[in-house]
Amino acid sequence: MRKLINLITDKVSKAFEDAGYDASYGKVNNSNRPDLCEYQCNGAMAGAKMYHKAPIMIANDVVMRLQGDDMFEEVNAVKPGFINIKLSGSFVTDYLRKMREADKFGLEAPEKVETIIIDYGGPNVAKPLHVGHLRSAIIGESIKRMNRYQGHNVIGDVHLGDWGLQMGLIIEELKERKPDLCYFDEDYTGEYPKEAPFTISELEEIYPCASAKSKVDESFAQKAHEATFQLQNGTRGYKALWNHIMNVSVTDLKKNYSNLNVEFDLWKTESDAQPYIPDMIQMMKEKGLAYMSEGALVVDVKEDGDTKEVPPCILVKSDGATLYSTTDLATIVERMKLFDPTEIIYVVDKRQEMHFTQVFRCSRKAGTVKEDTKLKFLGFGTMNGKDGKPFKTRDGGVMRLETLIAEINQAVYEKIMENRAISEEEARKTAKIIGLAAIKYGDLSNQASKDYVFDVDRFTSFEGNTGPYILYTIVRIKSIVKKYKELNEEKETFQLLPPVSVSEKELMLELTKFNEILEQSIAELAPHKICAYIYDLANKFNSFYHETKILSEENRQKQEGYIALILLTQQILETCIDLLGFEAPERM
Ligand code: ARG
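What comes next concerns the included structure. (Residues numbered from 1 in each chain as written. Predicted model: local features only at pLDDT ≥ 70, side-chain atom pairs only at ≥ 80, totals over all residues. Heavy atoms only, no water.)

Here we take up the overall build of the chain. Check the secondary structure of the chain and you find 20 helices and 13 strands. When each of the 588 residues of the chain is scored for burial, the buried share is 53%. Sequence-distant contacts in the chain: of pairs separated by 6 or more residues, those separated by 24 or more amount to 73%. Of note, the chain has its 75 positive side-chain charges centred 3 Å away from the centre of its 91 negative side-chain charges. (Helix = DSSP H or I, 4+ residues; strand = E, 2+ residues; numbered from the N terminus. Buried < 20%, exposed > 50% of the residue type's maximum accessible area, 1.4 Å probe, protein only. Contact = heavy atoms within 4.5 Å. Lys, Arg positive; Asp, Glu negative; His and termini not counted. Charge placed at Lys NZ, Arg CZ, Asp CG, Glu CD.)

What follows is the structure in structure tokens.
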């Protein structure tokens, strides 16, 4: 469905043309003076030089041709040459009627359907999820849902970190604690047990312990490196332990992500890409791209015009080990082979930007992607505490995700219990839903690349620019509609009517912007624009609600018009929060 702003632009452009000016001057924008008009066109000012005429004369020429058109309630030329526009209520209503009937409320299908892989989440096996992983999960999930909604073929991949030193550390620590396990017996030839020799809580305790030890105990660190190397080279017992670590961890991760309403299509891992490495390196050597430098095998990726130094991409270190970059390069090879994506989007901490610059460039140089395959890095900023430093627990430790979620849920729970007499059970359930909205909206309402302050009090407030406020608005609509339905007979649809008040028209105008905002947010990978939109929409709804008697309206037709309008508002709000990855409760 054509965007409303384009329909107006079409009309104004035609008037410019009819008046003897170039149609391109007829571009219409949202008004930046909403007190004066709803839309405006500044083309007369731009055309003044070209036509050697005062802008106001051009504006008058154009406005004359627009008078009486039923798209407008008012069109004025204002000095020095603005064209101010107010739409007619019937035109806006008509647009909303069409929007309500249209697929996806008038959001057009993309010109070309892309196959997009979204690489997000990126947790490391056996390490507890901490707040650093939260942003990737939240932002990535939203980007996935937004692109899918528009009609693209989207594949979300968690890309588990399962190949690094953390594996060697765990294996070595386990060996010290339980040296008699068969996994460490080189002469063992039997089958390994099906049951893992540890639980998830043990695993989560083993890793930090081993990691701390490796920092003070040089020989332990050395042994952990050796174990990593052996694992990567296929030592049987280590491979079996790795399998256990994977199984135990993945079960736990799935539970955690599902609590966050985050769902991956693929649970691929770093190690899945390992088989692609030898051929890839061979190819890069044959193409003359990879060469030895100080014992390491590297590819130059700097380009003319770089403003900062881009060091060569290292494929193999001097000790023969491959690196994070090698894995990411091979993962691209794997993804191209398995899914042939037209686009890969990485949602990763922005501190990894240089790594991805190197990987993308190297991949292009080597031709492991097609010329038009898009590789995008969506780098996000740090989530800070109120002190402006990276978010920590009260005693300064790394904040575990589960702890953070529990803290938020508790804060919301207390708020709910303060105001309302509902059962404890319902309050707990509702607190979980609202808590998730508080966390996700708090995160997504900031531009992804910016750092932000995680403020439990602010994020859980039912007022202001917060997730709970959006939910509160939806719940308010649900409750009005419910009461209305209790008092009146069932009806299939309600007829939308032209607005009778300013607040009603403002709400309607805001609704018409849905397809425009969505298109822009998706193109720019910017969920924060959807947040800004629903905050405006919720505000417009609440002003309308405060000024309008809905349930006590005596004119039946008028009342049905109100119900139609608020139902559409509810649908748009719910569609948007679903794209952001959360949902509304029935009551709160
Ligand atoms: N596991 C990595 C980390 O914790 C993030 C992985 C991001 N994705 C990627 N393809 N490198 O830093």
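From this point, the narrative continues.
Turning to the nonpolar core, a few remarks are in order. Formed by 154 residues in total, the largest nonpolar core has its most connected members in Ile8, Ile85, Leu87, Leu404, Phe454 and Ile572. It is helix H20 (residues 556-580) that contributes the most residues to this core, twelve residues altogether. Once you skip the residues sitting within four places of it in the chain, Leu404 turns out to touch Val131, Leu134, Met383, Phe391, Met399, Ile439 and Phe454. (Core = buried A, V, L, I, M, F, W, Y, C linked by side-chain atoms within 4.5 Å.)

Here we come to helix H4 (residues 89-101). With 13 residues, H4 should reach 18 Å at 1.5 Å per residue; the first-to-last C-alpha distance of 19 Å fits that figure. In this structure, the buried residues of H4 make contact with helix H1 (4-18), strand E4 (82-87), helix H17 (502-512), helix H18 (514-523) and H20. (Expected span 1.5 Å × (residues − 1).)

Taken together, four strands build an open sheet; the order of strands is E6-E5-E10-E11 and the sheet is parallel. In this open sheet, the two strands that pair with only one neighbour each are strand E6 (153-157) and strand E11 (374-380). Between one strand and the next, the sheet's axes are offset by a mean angle of 20°, whatever the strand orientation. Sheet analysis places strand E5 (residues 115-119) next to E6, joined by five bridges and oriented parallel. (Pairing = 2+ DSSP bridges. Axes fitted to C-alpha atoms, helices over the stretch in contact; angles between N-to-C directions.)

Following the sequence through the fold, Lys513 ends up in the loop between H17 and H18. Comment: no salt bridge for buried Lys513; closest opposite-charge side chain is Glu510, at 4.7 Å. (Salt bridge = Lys/Arg side-chain N within 4 Å of Asp/Glu carboxyl O.)

Let us look at the site of the ligand. Close contacts around the ligand come from Asp119, Gly122, Asn124, His133, His159, Tyr324, Asp328, Tyr346, Val348, Gln352 and Phe356, and that covers them all. Between the ligand and the protein, one listed contact pairs a nitrogen atom with a side-chain N or O atom of Asp119 at 2.9 Å. With respect to the ligand, the backbone of Gly122 contributes an N or O atom lying 2.9 Å from a nitrogen atom. Protein burial of the ligand: of its 350 Å² of free accessible surface, 86% is covered by the chains. Elements with a minimum of two residues in the shell around the ligand: helix H11 (324-339) and strand E10 (343-349). Residue composition of the shell around the ligand, by class: four nonpolar, five polar and two charged. (Near = heavy atom within 4 Å. Polar contact = N/O pair within 3.5 Å; in protein donor to acceptor, adjacent residues only side chain to side chain. Areas by Shrake-Rupley, 256 points an atom, 1.4 Å probe, with all protein chains shown as cover. Nonpolar A, V, L, I, M, F, W, Y, C, P; charged D, E, K, R; others polar.)

To continue, consider the packing of helix H5 (residues 131-150) against H20. Viewed as axis vectors pointing N to C, H5 and H20 meet at an angle of 130°, and their least axial separation amounts to 7 Å. Accordingly, the angle class assigned to the pair H5 and H20 is oblique. Side by side, H5 and H20 meet where Ser142, Arg145, Met146 and Tyr149 of the first sit next to Thr575, Asp578, Leu579 and Leu580 of the second. Grouping the amino acids of the contact of H5 with H20 by side-chain chemistry returns four nonpolar, two polar and two charged. (Parallel < 35°, antiparallel > 145°, perpendicular 65-115°, else oblique.)

Among the structural elements, Glu414 can be located in helix H13 (residues 401-419). Taking the C-alpha atoms as reference, Glu414 lies 62 Å from Met292; in sequence the two are 122 residues apart. For Glu414, the side chain forms a polar contact with the side chain of Gln410, separated by 2.9 Å.

Okay, the packing of helix H6 (residues 165-177) against helix H7 (residues 200-216) next. The interhelical angle for the contact between H6 and H7, taken along N-to-C directions, is 95°, at an axis separation of 9 Å. When the axis of H6 is compared with that of H7, the two are roughly perpendicular. Of the residues in H7, those touching H6 at Gln166, Leu169, Ile170, Glu173, Leu174, Glu176 and Arg177 are Leu203, Glu205, Ile206, Tyr207, Cys209, Ala210, Ser211, Lys213 and Ser214. A class-by-class count of the residues in the contact of H6 with H7 yields eight nonpolar, three polar and five charged.

Everything listed is a geometric property; what it means functionally is a separate question.
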